[in-house]
Amino acid sequence: MAPKDNHLPTAEMQALDAAHHIHPFSDSAGMRKRGARVITEAEGVWLTDSDGKRILDGMAGLWCVNIGYGREELADVAARQMRQLPYYNTFFMTSHPPAVKLSAKLAELAPGDLNRVFYSGSGSEANDTNIRLVRHYWQLMGKPNKRTIIARRNGYHGSTMGAASLGGMAAMHAQGGLPIPDIVHIDPPHWYAEGGDMSPEEFGRVRAAQLDQMIDRLGEGNVAAFIAEPVQGAGGVVIPPDSYWPEIGRICRERDILLIADEVICGFGRTGSWFGSQTYDIDPDIMTIAKGLSSGYQPIGGSIIRESVAQVIEDGGDFNHGYTYSSHPVAAAVALENIRILDEEGIVDRVATHIGPYLKERWLKLGDHPMVGEARMVGLMGALELSPDKSARAPFASPGAVGLITRERCFANGLVMRHVGDKMIICPPLIISESEVDTLIELAWQCLDEAMAQAKAEGVFTA
Ligand SMILES: *Cc1c(COP(=O)(O)O)cnc(C)c1O
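The structure presented is a predicted model; accordingly, all values stated were derived computationally and were not measured.

The next subject is the sheet that holds strand E15 (residues 423–426). The strand order across the open sheet built from four strands is E11-E12-E15-E14, with neighbouring strands paired in antiparallel fashion. Of all strands in the sheet, those with a lone pairing partner are strand E11 (372–378) and strand E14 (418–420), marking the two edges. Between one strand and the next, the sheet's axes are offset by a mean angle of 25°, whatever the strand orientation. Sheet topology note: the E14/E15 ladder contains three bridges and is antiparallel. In the strand pairing of E15, His 419 is matched with Met 424. Relative to the sheet, helix H15 (residues 347–365) contacts E11, strand E12 (381–386) and E15, its axis offset from that of E11 by approximately 170°.

Structure below.
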């Protein structure tokens, strides 16, 4: 094996980083003061930082390293493909073996007649493709007014102009003039925070009915599609009540609008099926994929499209859309190898039948902690709702402060657990072992204790 790269001392890297590198979604001023955390290697579920400290990665990178770190097979496939054909495009009626094989494999895995794949370099780009594709589809169907896309508050669909517009993140819309025209948002089925006295099932139906009401308001002849994540990820692992998706599916069918399931997090085993649409029995026209598609080893995303929808696009002449890196051969070869490993090692089934239930049982017990108002989990993604008064499901007076304290306690104790406001999130690699789950749970409880004590000392533990 080739020797590992030596790296500069941590302080020198932090200084250079602060001088020359702008970070996504980061507090630059705070980071300058403290210095960026520098990760230098990883194996399995464990990260190692530039000072040699080991950290349990409870987030699988950014919800993506489904097969875990350090799989030599993916490195070998990438090197082989780079030597044979490092790059060629698929524009202008050209193809190459990795694109052919990956497309056939995805069509086999995807439910029903989702049989055609359009590739991108990321989930954001795939959702931009979806915006153009559904509008073009309705144009070709002779209904050019069907342009508006309905999405959800707190949804996350990426960071490009189109994808961030589909997303329902107020802090993102506040920068750069978003959303772009003809994208509107309804409320998500977040029962813990917004369900009040309703039962979860009743609340799920009420939130689904908002789709019907929005279509009425806009006029059915003006609506192209509805887009949603099967489980809202970055919004805080918002697991929908069982009543929600059947209603959404019925409304989309009856009102003749396309349904886009953004599977960027839920896809490739996260919820215990290949796709979240299978876990929730959703019948989408398009699925957005990225992240777990390559377990993050290469940047690649795509849209898997229902055959009848794709047929209309294909019969309509050129689709004037594409990325230089659409179906990149190295990324496609790595994705294919990643899928082979997920499949042959039974990793997806293991989430459904073994490690998912194992983690869930222990995770839900964190709900007994005095600071945790709710613990929830599906497959291997879960959230804790922090609260100063759990019996009332009360939020904190200064939102996000206790979540941030908790995240920092986790880092200090060697656990990556992300915070979304005052929700704590985990989404570990799917290959996590039982003993690593035990470690994760022990660390999480300890960090909650420490964070609660610190929050009280700082005077922010108040409703
Ligand atoms: C991460 C994410 C995206 C965006 O993917 P990128 O590869 O970061 O562009 C889109 N949708 C969902 C649900 C995501 O979690």
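Here Pro 240 lies in the loop between strand E7 (223–228) and helix H11 (244–254). Sequence separation between Pro 240 and Ile 432 is 192 residues; the distance between their C-alpha atoms is 25 Å. Apart from the residues within four sequence positions on either side, Pro 240 is in contact with Pro 189, Pro 230, Val 231, Trp 245 and Tyr 280.

We now examine the site of the ligand. Close contacts around the ligand come from Ser 122, Gly 123, Ser 124, Asn 127, Tyr 156, His 157, Gly 158, Glu 229, Asp 262, Val 264, Ile 265 and Lys 291, and that covers them all. Gly 123 has a polar backbone atom sitting 2.9 Å from an oxygen atom of the ligand. At 3.3 Å, a backbone N or O of Tyr 156 approaches a nitrogen atom of the ligand. Here the element with the most residues in the shell around the ligand is helix H6 (residues 123–140); it accounts for three residues. For the shell around the ligand, the residue count by class is three nonpolar, six polar and three charged.

Positionally, Met 13 belongs in helix H1 (residues 10–20). Sequence-wise, Met 13 and Asp 242 are 229 residues apart; in three dimensions their C-alpha atoms are separated by 48 Å. Apart from the residues lying within four places of it in its own chain, the contact partners of Met 13 are His 7, Leu 8, Val 38 and Ser 50.

The next point concerns the packing of H15 against helix H17 (residues 434–457). For the pair H15 and H17, interaxial distance at closest approach is 10 Å and the crossing angle is 20°. In terms of their interaxial angle, H15 and H17 are classed as roughly parallel. Where H15 crosses over H17, the handedness of that crossing is right-handed. Counted together, His 354, Ile 355, Tyr 358, Leu 359, Arg 362, Trp 363 and Lys 365 of H15 and Glu 434, Val 437, Asp 438, Leu 440, Ile 441 and Trp 445 of H17 form the full contact between these two elements. Taken together, the residues of the contact of H15 with H17 sort by class into eight nonpolar, one polar and four charged.

What the domain assignment lists for the protein chain is domain 1 (37–70 + 354–457) and domain 2 (73–344). Relative placement of domain 1 and domain 2: their C-alpha centres are 27 Å apart. Contacts between the two partners involve 31 residues from domain 1, matched on the other side by 31 residues from domain 2. Between domain 1 and domain 2, roughly 2,400 Å² of surface is buried when both sides are summed, and carbon and sulfur atoms account for 61% of that area. Of all residues in domain 1, Ile 67, Met 381 and Arg 393 bury the most surface against domain 2, accounting for 31% of the area lost on that side. Our count for the domain 1 to domain 2 interface comes out at zero salt bridges. On inspection of domain 1 and its partner domain 2, the count reaches 15 residue pairs in polar contact (both at pLDDT 80 or more). Elements with a contribution of two residues or more to the side of domain 1 that touches domain 2: helix H3 (60–63), E11, E12, E14 and E15. The greatest single-element share of the side of domain 1 that touches domain 2, amounting to five residues, is contributed by E11. Of the residues assigned to the side of domain 1 that touches domain 2, the class counts are 18 nonpolar, seven polar and six charged.

Conventions used here
Residues numbered from 1 in each chain as written. Predicted model: local features only at pLDDT ≥ 70, side-chain atom pairs only at ≥ 80, totals over all residues. Heavy atoms only, no water. Pairing = 2+ DSSP bridges. Helix = DSSP H or I, 4+ residues; strand = E, 2+ residues; numbered from the N terminus. Axes fitted to C-alpha atoms, helices over the stretch in contact; angles between N-to-C directions. Contact = heavy atoms within 4.5 Å. Near = heavy atom within 4 Å. Polar contact = N/O pair within 3.5 Å; in protein donor to acceptor, adjacent residues only side chain to side chain. Nonpolar A, V, L, I, M, F, W, Y, C, P; charged D, E, K, R; others polar. Parallel < 35°, antiparallel > 145°, perpendicular 65-115°, else oblique. Left-handed = near helix turned anticlockwise from the far one by under 90°. Domains from an automatic or database assignment. Buried area = accessible area lost by both parts, 1.4 Å probe. Salt bridge = Lys/Arg side-chain N within 4 Å of Asp/Glu carboxyl O.

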